[in-house]
Amino acid sequence: MSIAIALVPSLLFGALSLLLGAFPTDIRRQNTAVMVGAGAVSLGCAAMLGSPWSLSATVWGVACGLMWTGGQVFVLWAFRAWGVSRTMPLTTALQLLLNATLGVSLFGEWRAPGALILGMVALALIMLGAAACSWQERTGPGPTPAQRRAGLLATAASAVLYGSYPSLLRAVEVPPAHAVGPMGLGLLAGAGLCALIQPRRAPLRGPRIVPAALAGGLWAVGNALMLRSTAAVGVASGFTLSQLGFVLATLGGLTILGEERTGRERTAVAAGVAAAVVGLVLMGLATSMDTGASPSQ
């Protein structure tokens, strides 16, 4: 039962991407609605979890909510530049690479015998898998070179902002569960910033605002369930399972959203997804080796 709960966040995170890709609307409206939905549901989840709101958790939680806002702005930009099926595997891989680098350099992870080698192999498989999923033939359909450059830059920026806040909370010693409510405040503040700063090409109220708000709510529920699952099955397994949402987003981008790929590109995507999934499993094992190691090791 615990493993089943741990898989739910990945389904919700994958569905979020497909929902945003299937119901595009004015970028300012979509970003604002996503943040409102995510912020409101985060506050509701915090109330149900009964997490304490210390001053430290509030300050850093709000900061993390603003970081997630920035990541979401860039990921929507990437969706529009080169599609969901290219954005999601790459942003997931870059987030894992960032967190692994910070974990090894700042928090002394992968120090158990064999863990570092296993973790490096895992990262190599994940990065190769992401590259395969994003590969495009020169003569194939899809984004132009300019769109690919814009998509790559936006994806990289989203990964930095999405991937940094878990390590930030760890560095300042704020339990993630305590930051859920304050993150909601940061997300609502981010909604206000999106409404004020982004180009006003259309009114905030308009078509397809509900799917965007629903997508934000799905993320907030998935985030809360991920925190619960890490307590039940361990941080390594819980976080690894939550990252499997890129599989749903990648395959859904091709089948549900109809993003065009050649036959060779589809074969590369299948191989890339398989390699990335194996890499995720190995990464979870590497982190579990640290968890199981004694202090003397």
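For the structure, check the block above.
Being a predicted model, the structure only gives us computed values, none of them experimental.

Reading the values: the criteria
Residues numbered from 1 in each chain as written. Predicted model: local features only at pLDDT ≥ 70, side-chain atom pairs only at ≥ 80, totals over all residues. Heavy atoms only, no water. Axes fitted to C-alpha atoms, helices over the stretch in contact; angles between N-to-C directions. Helix = DSSP H or I, 4+ residues; strand = E, 2+ residues; numbered from the N terminus. Parallel < 35°, antiparallel > 145°, perpendicular 65-115°, else oblique. Left-handed = near helix turned anticlockwise from the far one by under 90°. Nonpolar A, V, L, I, M, F, W, Y, C, P; charged D, E, K, R; others polar. Phe/Tyr/Trp six-rings, centres within 6.5 Å; stacked < 30°, edge-to-face > 60°. Buried < 20%, exposed > 50% of the residue type's maximum accessible area, 1.4 Å probe, protein only. Salt bridge = Lys/Arg side-chain N within 4 Å of Asp/Glu carboxyl O.

Engineer: Requested: an account of the packing of helix 2 (residues 27–49) against helix 7 (residues 180–197), with residues and values cited.
Structural biologist: In the contact formed by helix 2 and helix 7, the axes pass within 7 Å of each other and the chain directions differ by 165 degrees. Judged by the angle between their axes, helix 2 and helix 7 are roughly antiparallel. Here helix 2 runs over helix 7; the crossing is left-handed. Residue composition of the contact of helix 2 with helix 7, grouped by class: 15 nonpolar, seven polar and one charged.

Engineer: For the packing of aromatic side chains, give the residues involved together with the corresponding values.
Structural biologist: Tallying each qualifying case throughout the model produces three aromatic pairs. Centre to centre, the rings of Trp 68 and Tyr 162 are 5.7 Å apart; their planes meet at 45 degrees, and the pair counts as tilted. Taken together, the residues Trp 68 in helix 3 (residues 55–82) and Tyr 162 in helix 6 (residues 145–171) connect sequence positions 94 residues apart. Residues Trp 68 and Tyr 162 agree in their burial class; the two are buried.

Engineer: Provide a residue-level description of the pattern of salt bridges, including the pertinent values.
Structural biologist: Applying the stated criterion to the full structure yields three salt bridges. Among the ionic pairs, Glu 265 bridges to Arg 86, the shortest N-O distance being 4.0 Å. In this pair, Glu 265 is assigned in helix 11 (residues 263–292) and Arg 86 in helix 4 (residues 84–106), connecting sequence segments 179 residues apart. When the shortest N-O distance is used, the salt bridge between Glu 109 and Arg 170 registers 2.3 Å. You can see Glu 109 sitting in the loop between helix 4 and helix 5 (115–134) and its partner Arg 170 sitting in helix 6, a full 61 residues away along the chain.

Functional significance is not addressed by these values, which are geometric in nature.
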